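Single-letter residue listing:
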Amino acid sequence: MNTDTGNAWSFTTARQPAAFGACTTHDDPDLEHAALGEDRTLCAGTPRTIMRYRHLFGVRTGARSCARCLELAAAAPPRPSVQERLHEHVLHAARATPRDELLAALRRGAPVPKWLNGPPDFLAEHARLDALTEGAGPAAAAFSAPTLSMARVEDGPWHYLVLLPQDGTAPLVARGPRDTTPDGS
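A few points on the structure. (Residues numbered from 1 in each chain as written. Predicted model: local features only at pLDDT ≥ 70, side-chain atom pairs only at ≥ 80, totals over all residues. Heavy atoms only, no water.)

Here we come to the sheet that holds strand β3 (residues 50–56). Spatial strand order, β3-β1-β2-β4: four strands in an open sheet with mixed pairing. Strand pairing shows two members of the sheet lacking a second neighbour, β3 and β4 (64–65), which therefore form its edges. Taken together, the four bridges between strand β1 (residues 21–25) and β3 define a ladder with antiparallel strand orientation. Pairing of T24 across the sheet is with M51, part of β3. (Pairing = 2+ DSSP bridges. Helix = DSSP H or I, 4+ residues; strand = E, 2+ residues; numbered from the N terminus.)

Before going further, it helps to spend a moment on the pattern of salt bridges. This model, assessed by the stated rule, comprises eight salt bridges. Across the salt bridge formed by E134 and R175, the nearest N and O atoms sit 2.8 Å from each other. Taken together, the residues span a long stretch of sequence, with E134 in the loop between α5 (120–124) and α6 (136–142) and R175 in strand β8 (residues 172–177) at a distance of 41 residues. Linked through salt bridges whose partners overlap, the residues forming this network are E101, E134 and R175. (Salt bridge = Lys/Arg side-chain N within 4 Å of Asp/Glu carboxyl O.)

All right, on to the environment of A34 then. Its location among the elements puts A34 in strand β2 (residues 31–34). For A34, a relative accessible area of 0% gives the class buried. In this structure, the C-alpha to C-alpha distance between A34 and F20, residues 14 residues apart in sequence, is 5.5 Å. Setting aside its immediate chain neighbours within four residues, A34 contacts F20, G21, C23, R40, T41, L42, F57 and C69. (Buried < 20%, exposed > 50% of the residue type's maximum accessible area, 1.4 Å probe, protein only. Contact = heavy atoms within 4.5 Å.)

We now examine the packing of helix α3 (residues 82–90) against helix α4 (residues 97–107). Where α3 meets α4, the axes come as close as 9 Å, and the angle between the chain directions of the two elements is 160°. Taken together, α3 and α4 sit at an angle that is classed as roughly antiparallel. Between α3 and α4 lies a crossing whose hand is left-handed. In this structure, α3 uses Q83, L86, H87 and V90 to contact α4, whose residues at the interface are R99, L102, L103, L106 and R107. Its residues placed into classes, the contact of α3 with α4 shows five nonpolar, two polar and two charged. (Axes fitted to C-alpha atoms, helices over the stretch in contact; angles between N-to-C directions. Parallel < 35°, antiparallel > 145°, perpendicular 65-115°, else oblique. Left-handed = near helix turned anticlockwise from the far one by under 90°. Nonpolar A, V, L, I, M, F, W, Y, C, P; charged D, E, K, R; others polar.)

This brings us to the pairing of β2. Judged by which residues are buried, β2 turns out to be covered on both faces: L31 and H33 on one side and E32 and A34 on the other are all buried. For β1 and β2, the ladder comprises three bridges, and the chain directions are antiparallel. Bridged to C23 within β2 is H33. Linking β1 back to β2 in an antiparallel pair, the connection comprises five residues. Pairing between β2 and β4: two bridges, direction parallel. Looking at the pairing, L31 lines up with R64 of β4.

Here the focus is unusual backbone geometry. A positive phi angle is found at R128, which is not glycine, with a value near 55°. By the element assignment, R128 lies in the loop between α5 and α6. Judged by its relative accessible area of 18%, R128 falls in the buried class.

Set out below in C-alpha cells:
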C-alpha cells in the first residue's frame, strides 16, 4: 500500500505495482522471465514452453532476469488493492444494511485478513458461522455450492463474511460482532 503520499487511504493510493510469476523457457533455462498466462512470457507475444516457479518475477536477488520483462513489468498498470477487488464483487450482492456498510468499510480500507478459495467444507472451518448475527442462515446454505470463495473483513465492532459462489450467483454478505479477544481473529 502506498503510504508516503500524505493523502488519506483510497483505492487509488492503495494500488500496488503489478506482479508477475517467474518462469524460464527451454530456450534459455538460466534466464528468468515474467510469466503471462500459462505458456507466454511478458516479453514475447508468441507461445513458449515454460517452467513456472512459485515466486514473483524480479523479487529474487542474484537471478538473471530478462531486461525486456523487467521493463514491461515496471510499466504495467498497478493492480487494485484487495479492498478494491472485493468491493467490485460486493456491489453485486443483494442490497441490505450489512452490504452497504461493508462497501463503505472497504472504501475506507478495512482489513481483509482472509480471502480463501477452495472446497466449501474447508472454507466452512474458517467462516465462524456461529458468530454471525445477520445473514447466518443464507451464509450456511451457501456452503452447499460446489465451489466457493470466502472473504472476511473486519471493521469496528463487526466482522463481515463475504461468500462468492463460483456458479455466477450473487455474492452473499453476512456479519456478526467482532471478537476482540487476542485469539479471536
